[in-house]
Amino acid sequence: MYTHVYSINDPMARAEAGRVILNGGLVAFATETVYGLGGDATNEMAVAKIFAYKARPLYNPLISHVHDARSAFAIGQATSAALAMADVFWPGPLTLVMKLMDGFPLACLTSANMDTVAIRVPGDPTTRALLSEIGRPIAAPSANRSGRLSPTTADHVIAEGFDGLKIILDGGCCMLGVESTVLDVSSGIPRLLRPGAVTQEQIEEVVGPIKLASDNARLLSPGMLASHYAPIASLRLNATELWDGEVGLDFAGQLGADMDLSSLGDLLEAASNLFAYLRTLDLPGIKTIAVAPIPRRGLGVAINDRLQRAAV
Ligand code: AMP
Ligand code: MG
């Protein structure tokens, strides 16, 4: 079946997408982080379709997207840390893990049958317009098959070849280009489960010292599998020179390679280019992509995290 690509700015297209989702179908849509593959988070069958499309393991729960904090706290139980974080960072690239509100009809598959739920209010106003029209939480992981690079353009979504996907709401290139920060605020001291655009320093300014995802993170957050976002070529990280037969993925001109995530060394620009450039370099016949060192500060922590997972 043919996939229609509409602008996410078009209210008619959003209305049609909303109808598809309320009828249990799936829609891919732009957010400021990466493109999501969305379905009604309260509809078990719709969520099952998401897992099937992505071939995603059922133990890996999905993030539910809502248009404002009020809707979020109707689904997840607000702790003081949750309220403080929401106040500063929503709408935006931050996902909060909270205890599921008693009686909220979230599909069991959405939260992988756990008693917690991951919720985000996306930063992009057109994404929020879509969510507010639907009026239900939308479960939306990245619109790629499990274990592959996250899509940051509508073309990347098309390239995944999801059979039967009717609609993609196109918002151009994603502004941020890496997935949201995931912070567990369900009880006690908040724990960072996945680094993202909202950095540890920014979080700690709001809630004080936090815990970091440790080696047992995959138990706390099943999605933190070591191997993720893997391109087909292998990656050699922190390369300071190009070796024979390699192609380079540069940062700030360190390798003198053509593909530079940001020639000016801007981490925001580098994050937004990361997945698209990895895709471009991941060609048949290319065995190794040598990646220049990227500073481990600010957004650089999230970039290094994604590169590490892609390199496994
Ligand atoms: P993705 O949808 O691929 O961006 O991944 C969502 C991330 O959030 C994964 O790392 C999940 O394991 C994590 N996540 C979602 N729900 C929960 C939850 N209830 N508890 C802990 N981590 C969660
Ligand atoms: Mg993903």
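Per-chain numbering applies: the sequence of each chain, read as written, is numbered from 1 onward. Whichever chain is written first becomes A and whichever ligand is written first becomes 1, with later ones labelled in order. Only residues with pLDDT of 70 or above have their local features reported here, since the model is predicted, and side-chain atom pairs are shown and tallied only from 80 upward, although totals for entire chains, interfaces and linings are computed over all residues. Hydrogen atoms and water are omitted, and side-chain values are computed over all heavy atoms in the structure.

We apply this condition: UniProt positions are given in the numbering used here, feature names are shortened, and annotations may be inferred rather than shown by experiment.
Within an unreviewed UniProt entry, the label attached to the chain reads Threonylcarbamoyl-AMP synthase, and the organism entered is Candidatus Endolissoclinum faulkneri L2. Regarding the chain, the UniProt comment filed under Subcellular location (unreviewed entry) reads as follows: "Cytoplasm". Listed in UniProt under the heading Sequence similarities (unreviewed entry), the comment for the chain reads: "Belongs to the SUA5 family."

## Thoughts on the environment of Asp115
Operational definition: Put simply, DSSP H or I for four residues or longer makes a helix, DSSP E for two residues or longer makes a strand, and each gets a number counted from the N terminus. For this analysis, residues touch if any pair of their heavy atoms sits within 4.5 Å.
When you line up the elements, Asp115 lands in the loop between β5 (94–99) and β6 (116–120). As for Asp115 and Met101, which are separated by 14 residues in sequence, their C-alpha atoms are 8.8 Å apart. Setting aside residues up to four positions removed in sequence, Asp115 forms contacts with Met98, Lys99 and Leu100.

## Considerations on the UniProt feature "binding site: L-threonine" (unreviewed entry) in the chain
Using the following cut-off: Buried, partly exposed and exposed residues are distinguished by accessible area as a fraction of the type maximum, computed with a 1.4 Å probe on protein chains only: under 20%, between the cut-offs, and over 50%, respectively. Any pair of N or O atoms that falls within 3.5 Å is considered a polar contact. Within protein, one atom must be able to donate a hydrogen and the other to accept it, and sequence-neighbouring residues count only if both atoms are side-chain atoms.
Here, UniProt's "binding site: L-threonine" (unreviewed entry) annotation points to Thr33, His65, Arg120, Ala140, Ser142 and Ser180. Spanning 148 residues, the annotated positions come together in the fold, the maximum distance between their C-alpha atoms being 13.3 Å. Along the chain, Thr33 falls in the loop between β2 (27–29) and β3 (36–40). A residue is classified by how much of its surface remains accessible, and Thr33, at 4% relative accessible area, is buried. In this structure the side chain of Thr33 is engaged in a polar contact, spanning 3.3 Å, whose partner is the side chain of Arg120. Along the chain, Arg120 falls in strand β6.

## Some remarks on the pattern of salt bridges
One side chain can pair with another of opposite charge once the charged atoms of both are near each other. This is how it is decided: Should a side-chain nitrogen of Lys or Arg be within 4 Å of a carboxyl oxygen of Asp or Glu, the pair is scored as a salt bridge.
Summed over all chains, the structure comprises nine salt bridges. The shortest N-O distance in the salt bridge between Glu160 and Arg148 comes to 2.8 Å. Of this pair, Glu160 sits in the loop between α6 (154–159) and β8 (167–170) while Arg148 sits in the loop between β7 (138–139) and α6, placing them 12 residues apart in sequence. Judged by relative accessible area, which is 4%, Glu160 ranks as buried.

## A few points about the UniProt feature "domain: YrdC-like" (unreviewed entry) in the chain
Residues annotated in UniProt with the feature "domain: YrdC-like" (unreviewed entry) correspond here to residues 11–198. Between the C-alpha atoms that bound residues 11–198 there is a distance of 30 Å. The span itself is 30% helix and 19% strand.

## With respect to the packing of helix α4 (residues 80–89) against helix α7 (residues 200–207)
Under the convention used in this document: Convention adopted: a line fitted to C-alpha atoms gives each axis, helices being fitted over their contacting stretch, and angles between N-to-C directions are expressed from 0 to 180 degrees. To sort the angles, those under 35 degrees are grouped as roughly parallel, those over 145 as roughly antiparallel, those from 65 to 115 as roughly perpendicular, and the leftovers as oblique. It is the rotation of the near helix from the far one that decides the hand of a crossing: anticlockwise by less than a right angle makes it left-handed, clockwise makes it right-handed. Residues are grouped as follows: Ala, Val, Leu, Ile, Met, Phe, Trp, Tyr, Cys and Pro are nonpolar; Asp, Glu, Lys and Arg are charged; every other residue, Gly included, is polar.
Packing of α4 against α7 brings their axes to within 9 Å, and their N-to-C directions diverge by 120°. What the angle tells us is that α4 and α7 run oblique. Classified by chirality, the crossing of α7 by α4 is right-handed. On the side of α4, the interface is formed by Ala81, Ala84, Met85, Val88 and Phe89, while α7 contributes Gln202, Ile203, Val206 and Val207. Of the residues contributing to the contact of α4 with α7, the split by class is eight nonpolar, one polar and no charged.

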